[in-house]
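Reading the structure
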Amino acid sequence: MARPETSSAPGPVLDDDARPELSVVVTLFEEQATLDELHARLTSALEAFGRTYEVLYVDDGSTDGTFATLQRLHEADPRVRAVRLKRNSGQHPAMHAGLTRIRGAIVVTMDGDLQNPPEDVPRLVEAVEAGYDVASGRRAARHDSWGRTLPSRLINGMLRRFTGVEITDFGCAFNAYRREAVEPMLGAIGRQKFTKALVLSGGASVVEVDVGHAPRDGASRYSPLRLTRLALHVLAGFWPQPIQTAGIVLGTVCSLASLALGVYGLVYWVSNDDFPGPLLLGSLVVAVLGVQGFILALVGEHLGRIQRVVEHRPLYLVDREL
């Protein structure tokens with residue numbers, strides 16, 4: 001029977017000698033075509049690295065046979081573990097499913113689409129071993145369209161402002177963490193996007209590490225609508241008291257603008273005996289409607305969060321676990 005997952009799931013009690021030094025969490029969705037290549041490259045890099053390890057694959061409700069491949073890999077190597085979610089729940093809930101099950105002292109998170117080369121895993125781990133809590137992957141030579149990178153830069157700028165952490169690539173899922181840095185945030189990971197931003201907002205030390213980035217095979221899953229919703233999620237999730245701040249700023253701006261328009265109208269009326277009322281009134285109404293629309297969007301994001309918490313909806317349901 002599937003069980004709801006909203007917090008860390010209890011795992012088997014292991015002796016310290018039985019725990020791997022390193023856990024790698026890989027989120028997958030419809031990755032059957034590239035999974036064998038990913039696993040071969042990842043295990044080759046880990047074997048050469050010389051640390052004891054486990055690889056925990058999370059199948060986020062794939063329908064293309066991804067989990068059948070994971071079963072075969074698990075049977076061939078007990079260091080391979082796998083979790084299958086009952087339906088597609090999203091990257092961050094899937095990552096939560098993996099992070100609650102790790103056994104290593106250091107965890108590396110990555111997507112399974114081969115945009116980030118598995119050969120870079122040792123570089124991230126070595127950065128954490130050098131004394132940092134987080135090794136943040138930075139896509140130095142990013143191969144994405146401008147329609148994907150431009151919104152990403154805007155979101156990165158907002159996260160730098162709201163978290164106070166000066167890193168350049170919050171959106172890169174290819175990172176390494178100390179286990180102790182992740183565990184306090186497990187209650188929020190999955191419900192809140194940007195796992196790395198959550199961990200760093202708690203005061204974890206961080207170093208950026210340049211990682212490779214390959215062109216994506218196929219279209220990006222981030223449509224303009226989804227990117228817009230992601231920006232609203234950042235505003236609602238990381239901006240302290242967003243509605244109050246936005247209301248004060250926009251209220252002040254609108255008050256000053258209306259005062260300026262009133263003064264201009266009086267001067268124009270006196271000078272030309274012809275006050276352009278309809279045009280100015282229409283412009284003002286449109287501006288006010290735009291402000292109201294933005295505030296309503298923020299309110300909607302907050303109400304959605306409150307609803308999910310009040311209803312105690314699980315992040316995901318586990319179908320099978322290997």
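The structure contained in this document is the topic of the report that follows.

Here is what the cut-offs are and how they apply
Residues numbered from 1 in each chain as written. Predicted model: local features only at pLDDT ≥ 70, side-chain atom pairs only at ≥ 80, totals over all residues. Heavy atoms only, no water. Buried < 20%, exposed > 50% of the residue type's maximum accessible area, 1.4 Å probe, protein only. Helix = DSSP H or I, 4+ residues; strand = E, 2+ residues; numbered from the N terminus. Axes fitted to C-alpha atoms, helices over the stretch in contact; angles between N-to-C directions. Parallel < 35°, antiparallel > 145°, perpendicular 65-115°, else oblique. Contact = heavy atoms within 4.5 Å. Nonpolar A, V, L, I, M, F, W, Y, C, P; charged D, E, K, R; others polar. Pairing = 2+ DSSP bridges. Patch = residues over 30% accessible without salt bridge, like charges linked within 9 Å, V, L, I, M, F, W, Y side chains within 5 Å. Areas by Shrake-Rupley, 256 points an atom, 1.4 Å probe, with all protein chains shown as cover. Salt bridge = Lys/Arg side-chain N within 4 Å of Asp/Glu carboxyl O. Polar contact = N/O pair within 3.5 Å; in protein donor to acceptor, adjacent residues only side chain to side chain. Core = buried A, V, L, I, M, F, W, Y, C linked by side-chain atoms within 4.5 Å. Phe/Tyr/Trp six-rings, centres within 6.5 Å; stacked < 30°, edge-to-face > 60°. Lys NZ or Arg CZ within 6 Å of the ring centre and 35° of its normal. Left-handed = near helix turned anticlockwise from the far one by under 90°.

1. Concerning helix 3 (residues 91-99)
Counting buried positions along helix 3 yields eight of nine residues, so the element is predominantly enclosed. If you check which residues of helix 3 are buried, you get His92, Pro93, Ala94, Met95, His96, Ala97, Gly98 and Leu99.

2. A closer look at the packing of helix 1 (residues 32-49) against helix 4 (residues 121-129)
Helix 4 packs onto helix 1 with a crossing angle of 45 degrees between their chain directions and a minimal axis gap of 9 Å. Put simply, helix 1 runs oblique to helix 4. Between helix 1, through Leu42, Ala45, Leu46 and Phe49, and helix 4, the contact on the second element is made entirely by Val121, Pro122, Val125, Glu126 and Glu129. Tallied by class, the residues present in the contact of helix 1 with helix 4 amount to seven nonpolar, no polar and two charged.

3. Section: the pairing of strand 5 (residues 106-111)
Extensive coverage of strand 5 is indicated by the burial of five of its six residues. In the sheet, strand 5 pairs with strand 7 (residues 175-178) via four bridges, with the strands oriented antiparallel. Along strand 7, the bridge assignment pairs valine 107 with tyrosine 177.

4. Some remarks on a nonpolar patch on the surface
A cluster of nonpolar side chains, namely Leu259, Val263 and Val267, defines an oily patch on the protein surface of about 280 Å² accessible area. Looking at where valine 267 falls in the secondary structure, it is placed in helix 9 (residues 242-272).

5. Focus: the environment of arginine 79
Turning to its location among the elements, arginine 79 is positioned in the loop between helix 2 (66-76) and strand 4 (80-85). Along the chain, arginine 79 and threonine 52 lie 27 residues apart, while their C-alpha atoms are 9.4 Å from each other. Ignoring sequence-local partners within four residues, the contact set of arginine 79 consists of Glu47, Tyr53, Glu54 and Val55. Engagement of the side chain of arginine 79 in a polar contact is seen with the side chain of glutamate 47, the distance being 2.8 Å.

6. Observations regarding unusual backbone geometry
The residue glutamate 30 is not glycine, and still its phi comes out positive at about 55 degrees. Among the structural elements, glutamate 30 can be located in the loop between strand 2 (22-28) and helix 1. Among the residues examined, glutamate 30 registers a relative accessible area of 27% and is labelled partly exposed. One non-glycine residue, leucine 114, adopts positive backbone phi at about 65 degrees. One can find leucine 114 in the loop between strand 5 and helix 4.

7. Some details on the pattern of salt bridges
Counting across every chain of the model gives 17 salt bridges. In this structure, glutamate 321 engages arginine 101 in a salt bridge whose closest nitrogen and oxygen atoms are separated by 2.9 Å. With glutamate 321 in strand 9 (residues 316-321) and arginine 101 in the loop between helix 3 and strand 5, this residue pair connects regions lying 220 residues apart in the sequence. Owing to a relative accessible area of 6%, arginine 101 belongs among the buried residues under this scheme.

8. A closer look at the nonpolar core
By size, the foremost hydrophobic cluster in this structure holds 35 residues, and its most contacted members are Leu85, Leu99 and Phe170. Listed by contribution, the elements that provide at least two residues to this core are strand 3 (53-59), strand 4, helix 3, helix 5 (146-163), helix 6 (179-182), helix 7 (195-201) and strand 9. Ignoring sequence-local partners within four residues, the contact set of leucine 99 consists of Val25, Val107, Thr109, Val182, Leu186, Ile189 and Thr195. Residues Leu38, Phe67, Ala176 and Val209 belong to the second largest nonpolar core, which totals 32 residues.

9. Quick notes on the packing of aromatic side chains
If you walk through the whole model with that rule in mind, you get zero aromatic pairs. Above the plane of the ring of phenylalanine 49 lies arginine 51, whose end atom (NZ or CZ) is 4.1 Å from the centre.

10. Structural notes on helix 4
Within helix 4 the residues assigned to the buried category are Val121, Pro122, Leu124, Val125, Ala127 and Val128. Each element contacted by the buried residues of helix 4 is listed here: strand 2, helix 1, strand 5, strand 6 (134-139), strand 7 and strand 8 (206-211). Backbone geometry just downstream of helix 4 places glycine 131 in the positive-phi region, at approximately 125 degrees.

11. Quick word on the side chain of histidine 92
Checked against the element boundaries, histidine 92 lands in helix 3. In this structure histidine 92 comes out as buried when scored by relative accessible area, which is 14%. With sequence-adjacent residues up to four places away left out, histidine 92 is seen in contact with Gly190, Gln192, Lys193, Phe194 and Thr195.

12. Points about the packing of helix 1 against helix 2
It is at 9 Å that the axes of helix 1 and helix 2 come closest, and there the two elements cross at 25 degrees. Between helix 1 and helix 2, the crossing angle belongs to the class labelled roughly parallel. The chirality of how helix 1 crosses helix 2 is right-handed. Facing Gln32, Leu35, Asp36 and His39 of helix 1, the residues of helix 2 in contact are Thr66, Thr69, Leu70, Arg72 and Leu73. A class-by-class count of the residues in the contact of helix 1 with helix 2 yields three nonpolar, four polar and two charged.

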